[in-house]
Amino acid sequence: MPVPNLKQDVRPISFLLHNLATGAAPVEVNLRIRPEDLSRASQSRLMVHQTFGGAWADNFGEGVPTVQISGTTGWGQGNLSNGLDDFLRLHDTVFKRWHKERDDALKAGRDPDLVKLIFSDMLDDFTWVVAPQNFVLRRNKSRPLLAQYQINMTRLSESVSLPAGTPNLSQAARESLGFESLDDSFYKFKA
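Presented here is a report on the structure given in the accompanying data block. Values in this document were obtained by computation on a predicted structure and should not be read as measured data. (Residues numbered from 1 in each chain as written. Predicted model: local features only at pLDDT ≥ 70, side-chain atom pairs only at ≥ 80, totals over all residues. Heavy atoms only, no water.)

## Describing the overall build of the protein chain
Applied cut-off: In DSSP terms, a helix is any run of H or I states spanning at least four residues, a strand is any run of E spanning at least two, and both are numbered starting from the N terminus. We call two residues in contact whenever any of their non-hydrogen atoms come within 4.5 Å of each other. Accessibility throughout is a Shrake-Rupley quantity obtained with a 1.4 Å probe, and a residue counts as covered only by protein chains that appear here.
Counting its regular elements, the protein chain contains 2 helices and 9 strands. Secondary structure elements of the protein chain occur, N-terminal to C-terminal, as β-β-β-β-β-β-α-β-β-β-α. Put simply, 62% of the contacts in the protein chain that link residues at least 6 apart link residues at least 24 apart. Counting every atom, the protein chain has about 12,700 Å² of accessible surface; 55% of that belongs to carbon and sulfur.

This is the structure:
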């Protein structure tokens, strides 16, 4: 059985911040050094009830999966970029900008879900729209100058684009539809 090519440039692991609300160009961050650790966890929506005679379970299907990565952005020797600059860019894109752009979309009356953080792992062959749960900077006594990260993410969707048939509406048309939807909701609530 042939061994697959595991080089980072052939099977990259990367992030893409795509703001569909403003139409801004996507921001991509490729991890030039593979994460030292990658854990993908599948959850069950399960409630186990213990009884005198044993136990039984209410099973509500699959839960929302998570992925956790940790590693380093490197030193940045020779023709490679500075590792600390790469770390700061990773933190800014994956955590700060994602939160800021979603907040900006909400304040502008746009759907914050149009700001998508896409995590792509071509080594394990999955691409998800994710929400970053936390972003941790770690330092280690044996490597004190090396910026290490730990990122926990929850999968929001496996669809990385707008749903098929989504109309491309102007801002005024989107606002008008939003107000119509709000009026309809109030009408149904009163009835």
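## Quick look at the sheet that holds strand β7 (residues 115-121)
Strand pairing in a sheet relies on backbone hydrogen bonds. The paired strands run either parallel or antiparallel. We apply this condition: Strand pairing is defined by DSSP finding a minimum of two bridges between the two strands. A fitted line through C-alpha atoms represents every axis, and for helices the fit uses only the stretch in contact; the resulting angles, taken between N-to-C directions, go from 0 to 180 degrees.
Strands sit in the order β2-β1-β7-β8-β9-β6-β3 across an open sheet of 7 strands; the sheet is antiparallel. Two strands lie at the open edges of the sheet, namely β2 (27-30) and β3 (37-41), each paired on one side alone. Averaged over all neighbouring strand pairs, the angle between strand axes comes to 25 degrees, with direction disregarded. Of the strands in this sheet, β1 (13-19), β2, β7, β8 (126-140) and β9 (143-157) are in contact with helix α1 (residues 83-107), which crosses β8 at around 130 degrees.

## Side note on α1
So the rule is basically this: To estimate how far a helix should reach, multiply one less than its number of residues by 1.5 Å. Two axes enter the definition of the bend at a residue: one is fitted to the seven residues ending there, the other to the seven starting there, and the bend is the angle between them. Throughout, exposure labels follow a simple rule: accessible area from a 1.4 Å probe, protein chains only, divided by the maximum for the residue type, with under 20% read as buried, over 50% as exposed, and the rest as partly exposed. In the analysis that follows, any N or O atom pair within 3.5 Å is treated as a polar contact, provided that within protein one partner can donate a hydrogen and the other can accept it, and provided that, for residues neighboring in sequence, both atoms belong to side chains.
Spanning 25 residues, α1 covers 34 Å between terminal C-alpha atoms, matching the ideal 36 Å at 1.5 Å per step. Bending of α1 peaks at approximately 40 degrees at the position of R97. When α1 is considered as a whole, its buried residues turn out to be G83, F87, L90, H91, T93, V94, W98, E101, R102 and A105. Those residues of α1 hidden inside the fold are in contact with β1, β2, β7, β8 and β9. The opening residue of α1 is N82, an N-cap whose side-chain oxygen sits 2.7 Å from the backbone nitrogen of L84. At the C-terminal side of α1, G109 shows a positive phi close to 80 degrees.

## Notes on the side chain of S70
Tracing the sequence through the fold places S70 in strand β6 (residues 66-72). A residue is classified by how much of its surface remains accessible, and S70, at 10% relative accessible area, is buried. Contacts of S70, omitting those with residues within four sequence positions, involve P35, E36, D37, R138, Y149 and Q150.

## A few points about the environment of F87
Summarising the element assignment, F87 is placed in helix α1. When the C-alpha atoms of F87 and L31 are compared, they prove to be 9.6 Å apart, with 56 residues separating the residues in sequence. Beyond its immediate sequence surroundings of up to four residues, F87 is in contact with T73, F135, L137, A147, Q148 and Y149.

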